[in-house]
Amino acid sequence: ETTLAVHQFEEYMSGSRQKPPSGWELLEGVKMDVRFTGAMEQFWQSSLQSRPDISNASVRRFIATPRGVHRNFPGGPNARSYDPTIRPWYRRAMAHPDNNAVATPYADAFSGQLVTSISHSLVNPDTREVLAVMAMDFASGMMQEWLADVLPSCVESTSDECLVVDTDGMVVTPG
């Protein structure tokens, strides 16, 4: 992409240009998805100051739509082949739209770091259509720390009475 084409695309997405640059045709609904997910990026920026506890604990935050629009924070380049709709965090939230979904630890596609994701789908209350899936990656050890804060008796116990399991019943972290 050239700098000019990217600038023209930004103008198109903001509404100050009627058509995208040549060769940048979009599927129906993608422009709306980009604008919708942009609001999350602004929220993530503002939460850096208002919730440093969450900001410091998370490796990455992201949102993706069924059409494949994807934003992550902190931002960075995505491989053209990256498809958020096939990632574990996305698929689990789509399978359980009314619940938080916890994924077993896996290698982050961007950093290679072992992470645990918590994701949730955003559903249109009138149509029950899933508009997007939001997720947050945490270093795998963070789940253990949070469990200790919330349920100290689980950490103090020598038995396996307390476990965090993902939506498939796989152990995410022992208590």
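Our structure's up above, just so we're on the same page.
Let us look at the structure shown here. (Residues numbered from 1 in each chain as written. Predicted model: local features only at pLDDT ≥ 70, side-chain atom pairs only at ≥ 80, totals over all residues. Heavy atoms only, no water.)

## What to know about helix H2 (residues 30-50)
Applicable threshold: Only DSSP runs of H or I covering at least 4 residues are called helices, and only runs of E covering at least 2 are called strands; the numbering of each starts at the N terminus. Under the convention used throughout, the expected extent of a helix is 1.5 Å for every residue step, that is, one less than its residue count. Partly exposed describes any residue whose relative accessible area lies between the buried limit of under 20% and the exposed limit of over 50%, with all areas from a 1.4 Å probe on protein chains only and scaled to the type maximum.
With 21 residues, H2 extends 30 Å between its outermost C-alpha atoms, agreeing within 8% with the 30 Å of an ideal straight helix rising 1.5 Å per residue. All buried positions along H2 are accounted for by Val-30, Asp-33, Thr-37, Gly-38, Met-40, Trp-44 and Ser-47.

## Thoughts on the layout of surface pockets
Empty pockets left among the atoms are what a rolling probe the size of a water molecule brings to light. Here is the rule: Here the term cavity refers to a set of points on a 1 Å grid, laid over the protein atoms alone, in which a 1.4 Å probe fits but cannot get out; the term pocket refers to an open set having protein on both sides within 12 Å along at least five of seven lines, with lining residues being those that place an atom within 4 Å of a point. Grid points are joined across faces, edges and corners, and a volume is the space filled by probe spheres set on the points. Only Asp, Glu, Lys and Arg are considered charged in this grouping, and only Ala, Val, Leu, Ile, Met, Phe, Trp, Tyr, Cys and Pro are considered nonpolar; every other residue, Gly among them, is considered polar.
When its volume is computed, the largest pocket comes out at roughly 1200 Å³. Forming the boundary of the largest pocket are 27 residues, of which Phe-9, Trp-24, His-70, Asn-78 and Arg-80 lie nearest the centre. Where the lining of the largest pocket is concerned, the elements lending two or more residues are helix H1 (3-14), H2 and strand E2 (70-73). Taken together, the residues that form the lining of the largest pocket break down as twelve nonpolar, eight polar and seven charged.

## Quick look at H1
Put simply, the test is: This arc is taken over the directions from the axis of the helix to the C-beta atoms.
With twelve residues, H1 extends 17 Å from end C-alpha to end C-alpha; this agrees with the ideal 16 Å at 1.5 Å per step. When H1 is considered as a whole, its buried residues turn out to be Ala-5, Gln-8, Phe-9, Tyr-12 and Met-13. For H1, the buried positions fall inside an angular range of 140° around the axis, keeping them on one side. Summarising the geometry of H1, the exposed residues directed more than 90 degrees from the buried face are Thr-3, Leu-4 and Ser-14. At the C-terminal side of H1, Gly-15 shows a positive phi close to 100°.

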